[in-house]
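Each chain is listed here by its residues.
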Amino acid sequence: MAYAASARNYFELCKPRVVLLIVFTAVIGMFLATTSLPPSSALLFGTAGIWLAASAAAVINHVLDARIDALMDRTRNRPLPRGQISEPRAYAFAAGLAVTSMLMLTVLVNPLTAALTFASLIGYAVIYTVFLKRATPQNIVIGGAAGAAPPVLGWAAVTNSVELPALLLFLIIFVWTPPHFWALAIARKDEYAKAGIPMLPVTHGVAYTRQSILVYTVLLVLSTLLPWVTGMSGTLYLVGALLLGGVFLYYAFALRFTERADLPMRTFKYSITYLMALFSFLLVDHYLPPF
């Protein structure tokens, strides 16, 4: 029982639900990078390597945010604030994940993917968590580059290059990140204020944040049209992107012009469904004959 509890704590440090979304978009990037199927080595070891690196970044984030997590209701029951795992053990765990990831990607995939993945790890675990998160209300905008990288990593794992379609996928997630996270920040505004984190609703107010969510959602819907405009994707994707974007715009407008207390978390939850569905449309459209 003790071993199972310890394993669960280490697993929780890896932020499995967040990492699952990261890996999902990376895998979609792999499939979109080829007209057939990705090589089995790139698919297997690329996915595993990106998963391990994202997990390592999540563990480091847990350690660096342990003091903040202890102050917030949403995070105070994480393993480090509860004292279930010590910081040295967590760092050792993160190091093991990161080293395994880099060796796997370098040797079994390609050095470009390893380098890009390492840059993303540092971007999230160090640049965002240590500096940006505590320094500016635009933290999630600037730091969103690390979270937007997975499709590029998946593309590079298959092609050993970075091309325009991969950058379009990057752009979509980059623009998606602010409305996704700011909706949560509105719902958890008081907790972020208590922890001293300068999230946008804390520094500029909820009304300004709602307006910003609407602006970024409009930009997001426009950016999702680019795969169709450039010929990367076809009509099925276009229809899916417009339908999904229409729902997101509904939430953003409702959030901007009403005061319903349930809307921030509903918008946040929909944004996750939105991204997974959007990338699913990209994948299905990629393999269907044009119509």
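Heads up: the structure comes first, above all this text.
Quick summary incoming for the structure in this document.

Each value, and the rule that gives it
Residues numbered from 1 in each chain as written. Predicted model: local features only at pLDDT ≥ 70, side-chain atom pairs only at ≥ 80, totals over all residues. Heavy atoms only, no water. Helix = DSSP H or I, 4+ residues; strand = E, 2+ residues; numbered from the N terminus. Rg over C-alpha atoms; globule rule 2.2 N^0.38 Å. Buried < 20%, exposed > 50% of the residue type's maximum accessible area, 1.4 Å probe, protein only. Areas by Shrake-Rupley, 256 points an atom, 1.4 Å probe, with all protein chains shown as cover. Lys, Arg positive; Asp, Glu negative; His and termini not counted. Charge placed at Lys NZ, Arg CZ, Asp CG, Glu CD. Salt bridge = Lys/Arg side-chain N within 4 Å of Asp/Glu carboxyl O. Expected span 1.5 Å × (residues − 1). Contact = heavy atoms within 4.5 Å. Polar contact = N/O pair within 3.5 Å; in protein donor to acceptor, adjacent residues only side chain to side chain. Phe/Tyr/Trp six-rings, centres within 6.5 Å; stacked < 30°, edge-to-face > 60°. Axes fitted to C-alpha atoms, helices over the stretch in contact; angles between N-to-C directions. Parallel < 35°, antiparallel > 145°, perpendicular 65-115°, else oblique. Left-handed = near helix turned anticlockwise from the far one by under 90°. Nonpolar A, V, L, I, M, F, W, Y, C, P; charged D, E, K, R; others polar. Core = buried A, V, L, I, M, F, W, Y, C linked by side-chain atoms within 4.5 Å.

### Looking at the overall build of the protein
So, point 1. Helices and strands together make up the secondary structure of the protein, namely 16 helices and zero strands.
So, point 2. A globule of 291 residues ought to have a C-alpha radius of gyration of about 19 Å, and the protein, at 19 Å, matches this closely.
So, point 3. Projected onto its principal axes, the C-alpha positions of the protein cover 55 × 50 × 35 Å.
So, point 4. Counting only residues that meet the buried cut, the protein has 50% of its 291 residues in that class.
So, point 5. For the protein, the accessible area works out to roughly 13,100 Å², and carbon and sulfur atoms hold 69% of it.
So, point 6. Within the protein, one finds 19 positive and 11 negative side-chain charges whose respective centroids are separated by 5 Å.

### Remarks on the pattern of salt bridges
So, point 1. For the structure shown, the criterion picks out seven salt bridges.
So, point 2. The partner of Asp69 in a salt bridge is Arg78, and the shortest N-O contact between them spans 3.1 Å. As far as burial versus exposure is concerned, Asp69 and Arg78 are alike and both buried.
So, point 3. Notably, a salt bridge pairs Asp262 with Arg266, separated by 3.4 Å at the nearest N-O pair.
So, point 4. Here Asp262 falls in the partly exposed class, since its relative accessible area comes to 34%.
So, point 5. Here the residues in one salt-bridge network are Asp65, Lys133 and Arg134, joined through shared partners.

### Considerations on helix α16 (residues 263–287)
So, point 1. Spanning 25 residues, α16 covers 36 Å between terminal C-alpha atoms, matching the ideal 36 Å at 1.5 Å per step.
So, point 2. Its buried side turned inward, α16 meets α2 (16–32), α9 (150–159), α10 (164–187), α13 (206–223), α14 (226–229) and α15 (235–257).

### Looking at the side chain of Asp69
So, point 1. Tracing the backbone through its elements, the reader meets Asp69 in helix α4 (residues 66–71).
So, point 2. Of the polar contacts made by the side chain of Asp69, one reaches the side chain of Arg78; its length is 3.1 Å.
So, point 3. Not counting residues up to four positions away in its chain, the partners in contact with Asp69 are His62, Thr75, Arg76, Arg78 and Pro81.

### Regarding the packing of aromatic side chains
So, point 1. Per the stated rule, a full pass over the model turns up 11 aromatic pairs.
So, point 2. When the centroid spacing of 5.0 Å and the interplanar angle of 75 degrees are considered together, the rings of Tyr10 and Phe93 count as edge-to-face. With Tyr10 in helix α1 (residues 2–13) and Phe93 in helix α6 (residues 87–108), this pair connects stretches of sequence that are 83 residues apart.
So, point 3. Judged by its relative accessible area of 25%, Phe93 falls in the partly exposed class.
So, point 4. One aromatic cluster is present, built from ring pairs that chain together Phe248, Tyr250, Tyr251, Tyr270 and Tyr274.

### Details of the packing of helix α3 (residues 40–64) against α6
So, point 1. Where α3 contacts α6, the axes come no closer than 8 Å and their chain directions differ by 155 degrees. Taken as axis vectors, α3 and α6 run roughly antiparallel relative to one another. Read as a crossing pair, α3 and α6 show a hand that is left-handed.
So, point 2. By residue class, the composition of the contact of α3 with α6 is 20 nonpolar, six polar and one charged.

### A closer look at the environment of Ile127
So, point 1. On the secondary structure map, Ile127 appears in helix α7 (residues 111–135).
So, point 2. You can call Ile127 partly exposed: its relative accessible area is 42%.
So, point 3. Each residue touching Ile127, except ones within four places of it in the same chain, is listed here: Ile122 and Leu132.

### Section: unusual backbone geometry
So, point 1. Positioned with a positive phi, Lys15 is a non-glycine residue whose angle comes to about 45 degrees.
So, point 2. Judged by relative accessible area, Lys15 falls into the buried class, the value being 15%.
So, point 3. In this model, Asn160 sits at a positive phi of 60 degrees, which is unusual for a non-glycine residue.
So, point 4. Take Asn160: it is sitting in the loop between α9 and α10.

### Topic: the environment of Ala26
So, point 1. By the element assignment, Ala26 lies in helix α2.
So, point 2. The exposure class of Ala26 is buried, given its relative accessible area of 2%.
So, point 3. Sequence spacing of Ala26 and Ala254 is 228 residues, and the spatial spacing of their C-alpha atoms is 32 Å.

### Considering the nonpolar core
So, point 1. One finds Leu121, Trp176, Tyr192, Tyr274 and Phe279 to be the most contacted residues of the largest nonpolar core, which totals 80 residues.
So, point 2. Looking at this core, the element that brings in the most residues is α10, giving 13 residues.
So, point 3. In contact with Trp176, other than residues within four places in its own chain, are Leu21, Leu220, Phe248, Ser271, Ile272, Tyr274 and Leu275.
So, point 4. Among the nonpolar cores identified, the runner-up in size contains five residues, and Val23, Val27, Phe31 and Ala54 belong to it.

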